[in-house]
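Geometric and topological summary
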Amino acid sequence: MTARRRVDELREEADRIQAELAVAEREWSEWVIARSRVGEVLAPGDHDAVGPEAFEDLTRSPR
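Summary of the structure given here.

As for the overall build of the protein
The secondary structure content of the protein amounts to two helices and zero strands. Residues counted as buried form 2% of the 63 residues belonging to the protein. Carbon together with sulfur atoms contributes 56% to the accessible area of the protein, which is approximately 6300 Å² in total.

If you want it as structure tokens, here you go:
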């Protein structure tokens, strides 16, 4: 009986660890996606102007 109890305890612990791992992997994936998006926003390129220049363009009166 002791061996069976130990097996049950280890299975419960393995299930708990699997659940924690799934949460950690999801959080890591969300972090990677967020980091990628930040990189896209901050990367120089031919995209629409972002920053003070974009604000100035929006506040200028049409001529």
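Things to note about the packing of aromatic side chains
Scanning the model with the defined rule gives one aromatic pair in all. Between the aromatic rings of Trp 28 and Trp 31, the centroid separation amounts to 5.1 Å while the plane-to-plane angle is 10°, which identifies the pairing as stacked. Residue Trp 28 and its partner Trp 31 are both found in helix H1 (residues 2–42); the two are separated by three residues, about one turn of the helix. Look at Trp 31 and you get partly exposed, because its relative accessible area is 49%.

Remarks on a nonpolar patch on the surface
A cluster of nonpolar side chains, Trp 28, Trp 31 and Val 32, forms an exposed patch at the surface whose accessible area comes to about 360 Å². Looking at where Val 32 falls in the secondary structure, it is placed in helix H1.

Observations regarding the pattern of salt bridges
This structure, assessed with the given rule, holds three salt bridges. The salt bridge partner of Arg 4 is Asp 8, with a shortest N-O separation of 3.8 Å. In this pair, Arg 4 and Asp 8 both sit in helix H1, four residues apart, roughly one turn of the helix. Of the charged contacts, one joins Glu 20 and Arg 16 as a salt bridge, the two residues approaching to 2.5 Å between their closest N and O atoms. With Glu 20 and Arg 16 both in helix H1, this residue pair falls four residues apart, about one helical turn.

Reading the values: rules and limits
- Residues numbered from 1 in each chain as written.
- Predicted model: local features only at pLDDT ≥ 70, side-chain atom pairs only at ≥ 80, totals over all residues.
- Heavy atoms only, no water.
- Helix = DSSP H or I, 4+ residues; strand = E, 2+ residues; numbered from the N terminus.
- Buried < 20%, exposed > 50% of the residue type's maximum accessible area, 1.4 Å probe, protein only.
- Areas by Shrake-Rupley, 256 points an atom, 1.4 Å probe, with all protein chains shown as cover.
- Phe/Tyr/Trp six-rings, centres within 6.5 Å; stacked < 30°, edge-to-face > 60°.
- Patch = residues over 30% accessible without salt bridge, like charges linked within 9 Å, V, L, I, M, F, W, Y side chains within 5 Å.
- Salt bridge = Lys/Arg side-chain N within 4 Å of Asp/Glu carboxyl O.

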